[in-house]
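Residue-level listing of the chains:
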Amino acid sequence: MKDIKKFEVKLEQELKLVEKELKEIAVRSPKDPNGWVPSITRETDMGSDSADSNEVADEIESLEENTAIVSKLEAQYNDIKTALDKIKNGTYGKCEVGGEDIQEDRLEANPSARTCISHAG
Ligand SMILES: [Zn+2]
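In this text the structure is predicted, and so the values were computed from the model without any measurement.

> Looking at this structure, I do not really get the overall build of the protein. What am I missing?
In terms of helices and strands, the protein carries three helices and two strands. When the elements of the protein are put in sequence order from the N terminus, they spell out α-β-β-α-α. Buried residues in the protein amount to 26% of all 121 residues. Total accessible area on the protein is roughly 8,200 Å²; 51% of this is exposed by carbon and sulfur atoms.

> I'm lost on the coordination of the zinc ion in this one. Help?
Note on metal geometry: ideal angles are 109.5 degrees for four donors arranged tetrahedrally and 90 or 180 degrees for six donors arranged octahedrally. Cys95 (SG), Glu100 (OE), Cys116 (SG) and His119 (ND1) make up the full set of protein donors to the zinc ion, lying at 1.9 to 2.3 Å. Taken together, the four donor atoms coordinating the zinc ion and their angles of 85 to 121° define a geometry best described as tetrahedral. All donors of the zinc ion come from a single chain, and their spacing in sequence reads C-x4-E-x15-C-x2-H. We classify Cys95 as buried; its relative accessible area is 4%.

> For this particular structure, what's the right way to read the pattern of salt bridges?
One side chain can pair with another of opposite charge once the charged atoms of both are near each other. On inspection of all chains with the given rule, the structure shows ten salt bridges. In this structure, Asp101 and Lys94 form a salt bridge, with 2.8 Å as the shortest nitrogen-oxygen distance. Look at Asp101 and you get partly exposed, because its relative accessible area is 48%. The class for Lys94 is partly exposed, based on a relative accessible area of 38%.

> I keep staring at the side chain of Glu74 and nothing clicks. Help me out?
Tracing the backbone shows Glu74 in helix H2 (residues 53-89). Although Glu74 lies buried, it forms no salt bridge, and the closest oppositely charged side chain, Arg28, sits 8.2 Å away as judged by the N-O distance. Only 3.1 Å separates the side chain of Glu74 from the backbone nitrogen of Trp36, close enough to count as a polar contact.

> What is the right way to read helix H1 (residues 4-25) from this model?
Note that an α-helix has 3.6 residues per turn; residues three or four places apart therefore point the same way. Taking 1.5 Å per residue, 22 residues should reach 32 Å; H1 reaches 32 Å between its end C-alpha atoms and fits that length. Every buried residue belonging to H1 is among Phe7, Leu11, Leu15, Val18, Leu22 and Ile25, and all of these are buried. Viewed end-on, H1 has its buried residues packed into an arc of 100°, placing them on one side of the element. Along H1, the residues that are exposed and aim more than 90 degrees away from the buried face are Lys5, Gln13, Lys16, Leu17, Lys20 and Lys23.

> Can you help me understand the environment of Ile25 in this one?
Along the chain, the position of Ile25 falls in helix H1. Residue class for Ile25 comes out buried when judged on its relative accessible area of 17%. Sequence separation between Ile25 and Asn66 is 41 residues, and the spatial gap between their C-alpha atoms is 6.9 Å. Ignoring anything within four residues of it in the chain, the contact list for Ile25 reads Val37, Pro38, Ser39, Asn66, Ile69, Val70 and Leu73.

Rules and cut-offs
Residues numbered from 1 in each chain as written. Predicted model: local features only at pLDDT ≥ 70, side-chain atom pairs only at ≥ 80, totals over all residues. Heavy atoms only, no water. Helix = DSSP H or I, 4+ residues; strand = E, 2+ residues; numbered from the N terminus. Buried < 20%, exposed > 50% of the residue type's maximum accessible area, 1.4 Å probe, protein only. Areas by Shrake-Rupley, 256 points an atom, 1.4 Å probe, with all protein chains shown as cover. Donors = N, O, S within 2.8 Å, 3.2 Å for Na, K, Ca; no water. Tetrahedral: all angles 85-135°; square planar, octahedral: opposite > 155°, others 65-115°. Salt bridge = Lys/Arg side-chain N within 4 Å of Asp/Glu carboxyl O. Lys, Arg positive; Asp, Glu negative; His and termini not counted. Polar contact = N/O pair within 3.5 Å; in protein donor to acceptor, adjacent residues only side chain to side chain. Expected span 1.5 Å × (residues − 1). Arc of directions from axis to C-beta. Contact = heavy atoms within 4.5 Å.

Here you go:
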């Protein structure tokens, strides 16, 4: 692996981006230091008369949607964290399954990839 610095820069940018997105729709879980929980930021301040059932349904739907997005972002966030830890430990770019080098173009496309192409999924 010749150009780790390049991937480190990419990963740090991605981490900031994912963290920003997470903070918009979630808060740090009080129980799990790596976990996030969706926060409902949208207040229903339409006045008491207009709180009809459609609106409530919308709220529920958006919370469910948020939960899905939060878990996706959380997984991404933790993958990036792991990759940055690996750079510190000198194990970055190694497949977690077989220990072989991960193809460089795979890392270009996804710097937080944890396995080589043959061990992906
Ligand atoms: Zn592998």
